[in-house]
Amino acid sequence: MNKSNFIIELKNITKSFGNKVVLDNVSLNVKKGEFVTILGPSGCGKTTLLRSIAGFVTPDEGQIHLNGELINDVPPYERQLNTVFQRYALFPHLNVYENIAFGLKLQNLPKDEIEKRVRKVLKLVSMSDYEWRDVESLSGGQQQRVAIARAIVNRPQVLLLDEPLAALDLKMRHDMQMELKEMHKNLGITFIYVTHDQEEALTLSDTIVVMNDGVIQQVGTPIDIYNEPVNPFVADFIGESNILNATMIEDRKVEFMNHEFECVDENMGVNAPVDVVVRPEDIYILPDKDNPAAMLTGKVMTSIFKGVHYEMTVVTDDGYELMIQDYNCFPVGSEVGLIIRPNDIHVMKKVRLHNTFSGTMADSTHVKMLGGVFECKEQSWAEGGEEVEVTVAFKAVDMMDDTEDGTVDADVQVILYMGNHYHLRIRTLETREPVFVDTNDIWDEGDIVGIKILPKDIKIKKLENEA
Ligand code: ATP
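Below is a short write-up of the structure. This one's a predicted model, so the numbers in the text were calculated from it and none came from an experiment.

Attention shifts here to the pattern of salt bridges. As enumerated under the stated definition, the model contains 17 salt bridges in all. Here arginine 425 makes a salt bridge to aspartate 213, at a shortest N to O gap of 3.1 Å. With a gap of 212 residues between them, arginine 425 in strand E27 (residues 422-428) and aspartate 213 in the loop between strand E9 (207-212) and strand E10 (215-220) connect regions that are remote in the sequence. Each of the two residues, arginine 425 as well as aspartate 213, counts as buried.

Below, the structure is given as structure tokens:
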């Protein structure tokens with residue numbers, strides 16, 4: 001008997017390919033009947049997570065439970081799960097009916113039982129009239145329906161879907177999203193869905209799991225994730241957002257873009273550095289910049305009609321760039337006033353204020369860290385071999401185009417625009433340690449750079465317990 005309320009429980013799952021950690025201590029519980037979406041950028045590990053549940057990938061560490069039973073060693077075909085892949089993987093030489101009936105025939109079910117079940121699922125995926133059609137004569141959307149039918153005809157407890165709509169055009173994708181939601185309701189089984197499309201995740205899911213770089217960032221309902229992102233990465237990934245450095249002055253008072261705003265947050269500290277997120281639809285534009293209600297003033301730099309609203313970039317008089325959506329068009333060049341209401345300011349505690357690395361002194365003027373040897377200011381106590389903690393300000397990390405000019409190499413992983421500068425997470429190529437950088441330069445994800453840090457910017461603290 002399964003005593004837990006969860007149909008799937010993942011505990012501390014870790015998986016590496018070579019020296020790349022793809023899943024880093026992932027734990028997740030999925031309730032029976034839930035529609036759960038794993039959402040994250042390309043390469044964040046979501047497919048690997050899904051394939052671990054399906055049994056196609058064996059985790060290095062951690063446990064996977066299905067209905068309370070450990071299934072780590074259960075082969076994929078014996079798990080009561082079925083997977084729908086991005087590519088339909090149908091048998092081209094079989095017709096629709098035969099494709100769907102294939103698994104049931106292998107189980108030697110009676111012919112009339114097979115017929116009954118195939119007809120039922122064909123109806124569920126709105127393909128009743130297509131049973132004798134050659135699968136190759138079907139459109140992409142129809143093929144994907146057959147693939148879903150083939151998966152659900154086995155009556156799995158959990159249906160795993162790996163970007164099943166990615167190959168379809170936008171219109172078909174929207175139609176299929178609605179159908180999947182309906183199917184989920186009618187079938188009553190648990191869906192675990194993988195996508196990099198945040199709109200799809202918001203539309204379909206009861207619960208969204210946001211992943212980045214092998215780590216779960218946040219689990220919540222679509223509304224929670226949209227309205228209360230836990231960190232700037234989630235805010236940036238889910239919907240458009242303006243993310244800004246800010247200072248929490250006191251309860252319900254926060255300063256950013258050189259203006260003091262009222263907000264609703266409390267207990268975030270006094271004069272504490274925080275991040276603030278304001279959604280583009282939550283900034284109100286006043287056509288008259290001299291309107292006394294205006295909290296900020298600025299100029300419209302771009303304006304694009306997006307079907308229902310206009311999307312504009314406004315640069316404030318202090319040089320902060322904001323994305324704003326409004327039903328009215330404010331032409332490029334207009335001088336406008338801006339209002340941000342307390343409820344629309346989302347304040348998040350900063351995860352870190354500077355880089356912290358562990359290192360070892362090479363000699364009194366060099367420290368080994370991040371897989372390289374960096375010159376530092378003279379540490380008179382150092383002879384070499386002492387373990388140290390190194391702190392480096394975000395803006396003290398220089399990214400060099402030519403890797404020859406840096407001490408170690410890194411690749412650009414995440415780029416957040418913070419209104420007047422970029423906040424980047426880069427990762428050293430050799431040791432895969434994250435390094436955070438504030439810069440005005442424009443980089444792309446995947447760029448390979450050299451990391452340079454001036455000796456004066458390397459702050460060294462000898463660890464107390466070191467002999
Ligand atoms: P995408 O949406 O691009 O498929 P994803 O979030 O699903 O991305 P995964 O497919 O889980 O990501 O891959 C995560 C990382 O692991 C990638 O860098 C990928 O190249 C690597 N990876 C996945 N499978 C293997 C494998 N069998 N061998 C080596 N590396 C792998």
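Having put the structure on the table, let's press on.
Now for the packing of helix H2 (residues 96-106) against helix H3 (residues 111-124). A pair of packed helices can be characterised by two numbers: the angle between their axes and the separation between those axes. The N-to-C vectors of H2 and H3 enclose an angle of 130°; their axes lie 10 Å apart at closest approach. Here H3 runs oblique to H2, going by the angle between their axes. Between H2 and H3 lies a crossing of right-handed hand. The segment H2 lies against H3, with Val96, Tyr97, Ile100, Ala101, Leu104 and Lys105 engaging Ile114, Glu115, Arg117, Val118, Arg119, Val121 and Leu122. For the contact of H2 with H3, the residue count by class is nine nonpolar, no polar and four charged.

Moving on to the sheet that holds strand E2 (residues 20-31). Taken in spatial order, the four strands line up as E2-E1-E4-E5 in an open sheet, and their pairing is antiparallel. Two strands in the sheet have a free side with no partner beyond their single neighbour: E2 and strand E5 (69-70). As paired elements, strand E1 (residues 6-17) and strand E4 (residues 61-66) share five bridges and run antiparallel to each other. Of the residues in E4, the one forming a bridge with threonine 14 is glutamate 61.

Around the ligand sit Phe17, Lys20, Val22, Pro41, Ser42, Gly43, Cys44, Gly45, Lys46, Thr47, Thr48 and Glu163, and those are all the residues in its vicinity. Measuring from an oxygen atom of the ligand, one finds a side-chain N or O atom of serine 42 at 2.5 Å. When isolated, the ligand has an accessible area of 630 Å², and the protein chains bury 56% of it. Broken down by secondary-structure element, the contributors of at least two residues to the shell around the ligand are E2 and helix H1 (46-54). No other element matches H1, which puts three residues into the shell around the ligand. Of the residues in the shell around the ligand, the class split is four nonpolar, five polar and three charged.

All right, on to the environment of glutamate 387 then. For glutamate 387, the position within the fold is in strand E24 (residues 387-392). Considering only alpha carbons, one finds glutamate 387 and valine 367, 20 residues apart in sequence, at a separation of 9.4 Å.

We now examine H1. Burial analysis of H1 places seven of its nine residues in the buried class, the great majority of the element. Among the residues of H1, Lys46, Thr48, Leu49, Leu50, Ser52, Ile53 and Ala54 are the ones counted as buried. Taken from the residues just after H1, glycine 55 is the one with a positive phi, measuring 100°.

Grouped together as the largest cluster of nonpolar side chains are 34 residues, with contacts concentrated most on Ile100, Val118, Ile148, Ile152, Leu159 and Leu180. At the level of secondary structure, the elements contributing two or more residues to this core comprise H2, H3, helix H4 (140-152), strand E7 (158-162), helix H5 (170-187) and strand E8 (190-195). The dominant element in this core, judged by the number of residues it contributes, is H4, at six residues. Val254, Leu322, Ile340 and Ile345 belong to the second-largest nonpolar core, a separate cluster that totals 28 residues.

The rules behind the values
- Residues numbered from 1 in each chain as written.
- Predicted model: local features only at pLDDT ≥ 70, side-chain atom pairs only at ≥ 80, totals over all residues.
- Heavy atoms only, no water.
- Salt bridge = Lys/Arg side-chain N within 4 Å of Asp/Glu carboxyl O.
- Helix = DSSP H or I, 4+ residues; strand = E, 2+ residues; numbered from the N terminus.
- Buried < 20%, exposed > 50% of the residue type's maximum accessible area, 1.4 Å probe, protein only.
- Axes fitted to C-alpha atoms, helices over the stretch in contact; angles between N-to-C directions.
- Parallel < 35°, antiparallel > 145°, perpendicular 65-115°, else oblique.
- Left-handed = near helix turned anticlockwise from the far one by under 90°.
- Contact = heavy atoms within 4.5 Å.
- Nonpolar A, V, L, I, M, F, W, Y, C, P; charged D, E, K, R; others polar.
- Pairing = 2+ DSSP bridges.
- Near = heavy atom within 4 Å.
- Polar contact = N/O pair within 3.5 Å; in protein donor to acceptor, adjacent residues only side chain to side chain.
- Areas by Shrake-Rupley, 256 points an atom, 1.4 Å probe, with all protein chains shown as cover.
- Core = buried A, V, L, I, M, F, W, Y, C linked by side-chain atoms within 4.5 Å.

This is a description of form; function is not addressed.
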